[in-house]
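Single-letter residue listing:
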Amino acid sequence: MMEKSLNERYAMFDENYKVIVEKIAYAALRSGREPKEITLLAATKTVPVPLINHAISRGLTCLGENKVQEFLNKYDQLDRDHCDLQFIGRLQTNKVKYLVDKVSCIQSVGSVKLAAEISRQCEKNSRNMDVLVEVNIGRELSKGGVDPDGLLEFIDEIRQLPGLRVKGLMAIPPICSDSKELLRYFSGMEQYYVDIAGKTMDNVSMACLSMGMSSDFSEAIQCGATMVRIGSSLFGERVYQ
């Protein structure tokens with residue numbers, strides 16, 4: 001199959017974006033919320049800068065990158081005045097220094113070691129960083145994140161680090177063969193989110209529940225997601241160089 005031209009990808013995005021926004025709105029209303037309560041974050045791994053900027057020109061307001069080096073390669077060319085930039089991938093501590101002055105939120109905080117390094121770099125740069133705590137909701141050995149049983153203790157520890165603001169939770173559930181199993185994972189995340197929101201903890205505000213991707217964002221919204229991270233359904237299948 002020949003790779004699509006940029007103009008073809010622009011047209012494909014325009015159609016996909018319209019459909020995705022409509023589906024998000026429908027899922028939000030079904031869950032008893034307004035569509036504006038759900039943030040669409042575009043996952044832009046492998047997506048070329050011209051296509052990302054086209055997406056921003058069409059109304060996209062939030063994007064997330066998975067790889068630090070790819071993000072840095074794109075950064076100067078992005079229309080940053082009209083879009084919020086976040087980091088959503090697994091992050092090594094030695095790469096934190098490259099992000100603290102460039103993103104508004106790091107979504108994948110799943111260890112005290114990483115949280116401490118973000119704090120150190122924030123102090124060094126005289127700034128604060130919003131973070132989401134990544135929860136390993138399926139307790140999978142292949143994935144990062146905090147074990148649900150230790151979630152409250154983890155949040156209580158990292159909330160005391162200077163420069164960090166704990167703003168919510170994120171998760172990637174296991175691949176599920178049936179929707180009931182998937183909904184169980186998403187509902188579990190919603191329960192953790194609600195429980196933590198009900199506690200009085202300084203420097204912790206449950207403002208964002210980031211879960212749901214191209215294949216399951218409607219189910220995630222049904223279970224309380226306030227942000228969905230969508231890539232291939234917007235931009236087409238990823239093209240790896």
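Figured I'd write up the structure that's included with this text.

Cut-offs and rules
Along each chain, residues carry numbers from 1 onward, in the same order as the chain's sequence is written. In keeping with the model being predicted, local features are shown solely for residues with a pLDDT of at least 70 and side-chain atom pairs are shown and tallied solely at 80 or more, while totals for entire chains, interfaces and linings include all residues. Processing note: side-chain calculations cover all non-hydrogen atoms of the structure and skip hydrogens and water entirely. Any Lys or Arg side-chain nitrogen located within 4 Å of an Asp or Glu carboxyl oxygen qualifies as a salt bridge. Strands here mean DSSP runs of E at least two residues long; helices mean DSSP runs of H or I at least four residues long; both are numbered from the N terminus. Partly exposed describes any residue whose relative accessible area lies between the buried limit of under 20% and the exposed limit of over 50%, with all areas from a 1.4 Å probe on protein chains only and scaled to the type maximum. Here, a strand pair is defined by DSSP locating no fewer than two bridges between the strands. Whether a crossover is right-handed comes down to one check: with the strands pointing away from the viewer, does the path from the first strand over the helix to the second run clockwise; if it does, it is right-handed. Two residues qualify as a contact provided that any one of their heavy atoms is within 4.5 Å of a heavy atom in the partner residue. Buriedness of a pocket was judged along seven lines, with at least five required to meet protein on both sides within 12 Å; pockets are open sets of points on a 1 Å grid over the protein atoms alone, cavities are sets where a 1.4 Å probe fits but cannot get out, and lining residues have an atom within 4 Å of a point. Grid points are joined across faces, edges and corners, and a volume is the space filled by probe spheres set on the points. Under this grouping Gly is polar, as are all residues other than the nonpolar Ala, Val, Leu, Ile, Met, Phe, Trp, Tyr, Cys and Pro and the charged Asp, Glu, Lys and Arg.

## A word on the pattern of salt bridges
- Under the defined criterion, the tally for this structure stands at 10 salt bridges.
- When the shortest N-O distance is used, the salt bridge between arginine 58 and aspartate 14 registers 3.4 Å. Here the residue arginine 58 occupies a position in the loop between helix H2 (49-57) and strand E2 (62-65), and aspartate 14 occupies one in helix H1 (residues 6-30), the gap between them amounting to 44 residues.
- The partly exposed category is assigned to aspartate 14, whose relative accessible area is 27%.
- Here arginine 139 makes a salt bridge to aspartate 147, at a shortest N to O gap of 3.5 Å.
- Assessed through its relative accessible area of 44%, arginine 139 is described here as partly exposed.
- Among the residues examined, aspartate 147 registers a relative accessible area of 35% and is labelled partly exposed.

## What about the pairing of strand E4 (residues 105-109)?
- Buried residues dominate E4, accounting for 5 of its 5 residues.
- Both E4 and strand E5 (residues 129-134) contribute to a ladder of 3 bridges, which runs parallel. Its bridge partner lying in E5, isoleucine 106 is registered against valine 131.
- In the classification by handedness, the crossover that spans E4, the intervening helix H4 (residues 112-124) and the parallel E5 is right-handed.

## Section: the environment of glutamine 222
- Following the sequence through the fold, glutamine 222 ends up in helix H7 (residues 217-222).
- For glutamine 222, a relative accessible area of 48% translates into the label partly exposed.
- Taking the C-alpha atoms as reference, glutamine 222 lies 7.1 Å from alanine 28; in sequence the two are 194 residues apart.
- In this view, glutamine 222 contacts Ser31 and Leu183; residues no more than four positions away in its chain are not counted.

## Digging into the layout of surface pockets
- The space that makes up the largest pocket amounts to roughly 470 Å³.
- Together, 22 residues line the largest pocket, and Ile172, Met213, Ser214, Ser215 and Asp216 are the ones closest to its centre.
- Contributions of two or more residues to the lining of the largest pocket are made by helix H6 (179-197) and strand E8 (227-230).
- In the lining of the largest pocket, the residues fall into 10 nonpolar, 6 polar and 6 charged.

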